[in-house]
Protein chains: 2
Amino acid sequence: MKSASCLFIALSAVCVSLAIAEAQDPLPSWNDTAPKKAILEFVEKVTKEGSPNFVPPEERIATFDNDGTLWCEQPMYFQLLFALDRVKALAPQHPDWKTKEPFASLLKGDVMGALAGGERTMLEIIIVTHAGMTTAEFEQIVKDWIATAKHPKFKRPYIECVYQPMIELLAYLRANGFKTFIVSGGGIEFMRPWTEKVYGIPPEQVVGSSIKTKYEWRDGKPVLMRLPEMNFIDDKTGKPVGINSHIGRRPIAAFGNSDGDQQMLEWTHAGSGARLMMLVHHDDATREFAYGAESKIGTFSDALMAEAKKNSWTIIGMKNDWTKIFAFE
Amino acid sequence: MKSASCLFIALSAVCVSLAIAEAQDPLPSWNDTAPKKAILEFVEKVTKEGSPNFVPPEERIATFDNDGTLWCEQPMYFQLLFALDRVKALAPQHPDWKTKEPFASLLKGDVMGALAGGERTMLEIIIVTHAGMTTAEFEQIVKDWIATAKHPKFKRPYIECVYQPMIELLAYLRANGFKTFIVSGGGIEFMRPWTEKVYGIPPEQVVGSSIKTKYEWRDGKPVLMRLPEMNFIDDKTGKPVGINSHIGRRPIAAFGNSDGDQQMLEWTHAGSGARLMMLVHHDDATREFAYGAESKIGTFSDALMAEAKKNSWTIIGMKNDWTKIFAFE
């Protein structure tokens, strides 16, 4: 009688647990397709004490690219849209821009013409709009822009153009003892003012590209001046370098969406023990955008696709694997 | 009757709390002098909800210099002693060192002669002993050294030459919601292999000087090669730069011991709200070492002392403020 009632209680407990688990699906915006299964299996494996795949909490490092992985990156990188808005705002102080490229084209609204100079032009625009002020001043400029500017297609603030399934994934990993980091080609100080509120990722867990800063005194106070000189480009082979420099541990899970993320996934993959590498594929022109090998922004080349297949990295197809892309849908 | 018994219960609770507080002094290796009082008052102030000085947990950032603040730095920086041991270990592969300075002097045991070339010589020794291998290989070299090498005066492993009062302070701050960081002029990858075990500070919360690394493939595996080129010097004006780059928030408490820490304390001081800035002063020749303005290692100049007085930064005198310096005493 006693053991029977114990069994009954045990079974009830199992039923209740199952019911709670079902009621509290941690990834409700994910379809029950391969990517979701891969995530759930991986997390169960590394968190189960005594399992051969168990990873102690302090080593549960997960790194996320930002543009195209956590938030949208079309029709162009949001930081570039920010820079273009800054050019307009700064134009009255630079009358020479009316005739000087790339600014003249930008001010006429010819963005594609302005960017024809390629990466060097882009860098020039970034330097002009991102340097020459203190870190505190730049932070305020970003905060003001992010609070007011809107995405041209979705007509929403940019920080609403974040992928709901990835927000759930970040929270789910943290609930399982993971420390989540951003490792982005984007500017570190362009992201930090809002990542904590939007992703739950604090400034000290954001890794990104940066320009040099200099400590000096201004009006009786110490400031950090932003200099017109690149410090670090956190893209491609720069991502493992940035991970090592900022985190000092190898991730056990990494999430990206483009050629710029390949080395981060390789570096994660090459560690020992259980690993999870995933790539978001933008294949939903209706709900978001569809692009890949041919796109200049967020290129997902055939070579990357071949690498993913060879290494069994999981491809997340937005169209089929996500029930919802944005919270505002 | 009812209110009287309530009062009795309330008083008992107060007595019990006081007794527990006394029994569990979080800083038992600190005398009840000004520095300990300043720490306790500061922590109470910033953690008391509703107080005008309250600081939310995510902003409770505390930064610590390492050499001379958390562990000993005499008779010279431990990393330099490590480099000298590496020169001896590498000598058989470099027969030319027998006649080439600074290596020839080092190998003859004439450390002071070898270092006569100043900072440039020191850098040459660091580059030769710290570059040319993968990050994983360097980590293993550091782990092996730290497990076996012993301090010339204390005849103990270097990781036992850490200040017990500071270990208590780190733990006390973390117990009160602080995130503790190292911000050291020392090499970031020289510290990371042991800071978690010794200080409870994980690799991602260590900021330090670094050489450049490069991502490449070797024997079918991706590695990060350590290059013979400085990347960043995290000292003096570099400390606020390193803090901004790695942490992205201004500390509310900062602890140092030498001229190299002045700018970190200034930067911390210049923020708004309650702040705590402290400098360890080495004035105990019996239990540790006594040095200050005249020392080349860990210089505490008269100018720094004047700044500390002007800004009301707290000086921790090891002799009078610490009941115990090392756990092994």
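Residues numbered from 1 in each chain as written. Chains lettered and ligands numbered in written order. Predicted model: local features only at pLDDT ≥ 70, side-chain atom pairs only at ≥ 80, totals over all residues. Heavy atoms only, no water.

## A closer look at the sheet that holds strand β4 (residues 221-232) of chain B
All names here are of chain B. Just so we agree on the cut-off: In short, DSSP must find at least two bridges between two strands for them to pair. A helix here means a DSSP run of H or I that spans at least four residues, while a strand means a run of E at least two residues long, and both kinds are numbered starting from the N terminus. Between the N-to-C directions of two axes lies an angle of 0 to 180 degrees, each axis being a line fitted to C-alpha atoms and, for a helix, fitted only over the stretch in contact.
The 7 strands lie next to each other as β4-β3-β2-β1-β5-β6-β7, forming an open sheet whose pairing is mixed. The sheet terminates laterally at β4 and β7 (314-317), the two strands that pair on one side only. Pairs of neighbouring strands in the sheet enclose a mean axial angle of 30 degrees, with direction left out of account.

## Describing the environment of R250 of chain B
Residues and elements named next belong to chain B. Here is the rule: To sort residues, take the accessible area from a 1.4 Å probe on protein chains only and compare it with the maximum for the residue type: under 20% means buried, over 50% means exposed, and anything in between is partly exposed. In what follows, a contact means two residues having at least one pair of non-hydrogen atoms within 4.5 Å. For this analysis, a polar contact is any N or O atom pair within 3.5 Å, provided that within protein one partner can donate a hydrogen and the other can accept it, and provided that sequence-adjacent residues contribute only side-chain to side-chain pairs.
Within the secondary structure layout, R250 lies in the loop between α10 (238-246) and β5 (253-256). Given a relative accessible area of 28%, R250 falls into the partly exposed group. Separated by 29 residues in sequence, R250 and K221 have C-alpha atoms that sit 38 Å apart. Setting aside residues no more than four positions away along its own chain, R250 makes contact with I61, W267, T268, A270, G271 and R275. Within the local environment of R250, its side chain forms a polar contact with the backbone oxygen of W267, the two atoms lying 2.7 Å apart.

## Describing the packing of aromatic side chains
The condition that has to hold: Whether two aromatic rings pair depends on their centres lying within 6.5 Å, for rings of Phe, Tyr and Trp, where Trp uses its six-membered ring; planes under 30 degrees apart make the pair stacked, over 60 edge-to-face, and the rest tilted. A ring has a charge above it when a Lys NZ or an Arg CZ is no more than 6 Å from the ring centre and no more than 35 degrees off the ring normal.
Per the counting criterion, the structure on display carries 41 aromatic pairs over all chains. Their ring planes at 50 degrees and their centres at 6.2 Å tell us that F42 of chain A and F178 of chain A sit as a pair that is tilted. Of this pair, F42 of chain A sits in helix α2 (residues 34-47) while F178 of chain A sits in the loop between α8 (164-175) and β2 (179-187), and the two are 136 residues apart along the sequence. Each of the two residues, F42 of chain A as well as F178 of chain A, counts as buried. Both rings, one in W97 of chain A and one in F103 of chain A, keep their centres 4.3 Å apart while their planes meet at 10 degrees; by these two values the pair is stacked. As far as the burial class goes, W97 of chain A and F103 of chain A line up, both buried. Taken together, W71, F78, F82, F138, W145, Y158, F190, W194 and Y199 of chain A form an aromatic cluster joined through their ring pairs. Sitting above the plane of the W267 of chain A ring, R250 of chain A keeps its charged end 3.8 Å from the centroid. The aromatic ring of F138 of chain B is capped on one face by R226 of chain B, whose charged end is 3.9 Å from the ring centroid.

## Regarding empty space enclosed by the protein
Any empty space left between the atoms is revealed when a probe the size of a water molecule rolls over them. Cut-off, in case you're wondering: Buriedness of a pocket was judged along seven lines, with at least five required to meet protein on both sides within 12 Å; pockets are open sets of points on a 1 Å grid over the protein atoms alone, cavities are sets where a 1.4 Å probe fits but cannot get out, and lining residues have an atom within 4 Å of a point. Grid points are joined across faces, edges and corners, and a volume is the space filled by probe spheres set on the points. Residue classes follow a fixed rule: Ala, Val, Leu, Ile, Met, Phe, Trp, Tyr, Cys and Pro count as nonpolar, while Asp, Glu, Lys and Arg count as charged, and any other residue, Gly among them, counts as polar.
In this structure the tally under the stated criterion is 3 cavities of 30 Å³ or more. Counted as a void, the largest cavity has a volume near 40 Å³. Forming the boundary of the largest cavity are K179, F181, E204 and Q205 of chain A together with K179, F181, E204 and Q205 of chain B. For the lining of the largest cavity, the per-class residue count stands at 2 nonpolar, 2 polar and 4 charged.

## Section: helix α11 (residues 262-269) of chain B
Since the α-helix packs 3.6 residues into each turn, any two residues three or four apart lie on the same face. With 7 of its 8 residues buried, α11 of chain B lies for the most part within the structure. Among the residues of α11 of chain B, Q262, Q263, M264, L265, E266, W267 and T268 of chain B are the ones counted as buried.

## A word on the environment of T129 of chain B
All names here are of chain B. For T129, the position within the fold is in helix α6 (residues 119-130). Those residues in contact with T129 that lie beyond four places of it in its chain are A83, R86, V87, L90 and F138. Looking at T129, its side chain comes within polar contact range of the side chain of H130, at 2.9 Å.

## Remarks on helix α9 (residues 188-199) of chain B
All names here are of chain B. α9 sits mainly inside the fold: 9 of its 12 residues count as buried. Among the residues of α9, I188, E189, F190, M191, R192, W194, T195, V198 and Y199 are the ones counted as buried. Two residues or fewer past α9, G200 is found with a positive phi of approximately 75 degrees.

## A word on the relation of the copies chain A and chain B
Convention followed: Superposition of the copies used a least-squares fit over C-alpha atoms from residues whose pLDDT is at least 70 in both.
When chain A is fitted onto chain B, the two copies agree to an RMSD of 0.0 Å after a turn of 180 degrees and an axial shift of 0.0 Å. The symmetry that links the two subunits is that of a two-fold axis. If distances are taken from each C-alpha of chain A to the rotation axis, the shortest is found for H246 of chain A, at 3.2 Å. Comparing interface residues between copies, 100% of those in chain A also lie at the interface in chain B; the contact surface is shared.

## Re the interface of chain A and chain B
Under the convention used in this document: Accessible area that two parts lose when put together, with a 1.4 Å probe and added across both, is what the buried area reports. Should a side-chain nitrogen of Lys or Arg be within 4 Å of a carboxyl oxygen of Asp or Glu, the pair is scored as a salt bridge.
On the side of chain B, 33 residues touch chain A, which itself brings 33 residues to the contact. Of the roughly 2700 Å² buried between chain A and chain B on both sides combined, carbon and sulfur atoms contribute 50%. Where chain A touches chain B, the interface holds 6 salt bridges. The partner of R249 of chain A in a salt bridge is E204 of chain B, and the shortest N-O contact between them spans 3.2 Å. Summed over the shared surface of chain A and chain B, the number is 24 residue pairs in polar contact (both at pLDDT 80 or more). Class assignment for the residues of the side of chain A that touches chain B results in 15 nonpolar, 9 polar and 9 charged.

## Considering the packing of α2 of chain A against α8 of chain A
Residues and elements named next belong to chain A. Note the threshold: With respect to orientation, any angle under 35 degrees is reported as roughly parallel, any angle over 145 as roughly antiparallel, any angle of 65 to 115 as roughly perpendicular, and every other angle as oblique. Two helices cross in a left-handed way if the nearer one is turned anticlockwise from the farther one by less than a right angle. They cross in a right-handed way if the turn is clockwise.
Interhelical geometry of α2 versus α8 gives an angle of 15 degrees and a closest axis separation of 11 Å. By the angle between their axes, α2 is roughly parallel relative to α8. The handedness of the crossing between α2 and α8 comes out as right-handed. Contacts between α2 and α8 involve I39, L40 and V43 from the former and L169, Y172 and L173 from the latter.

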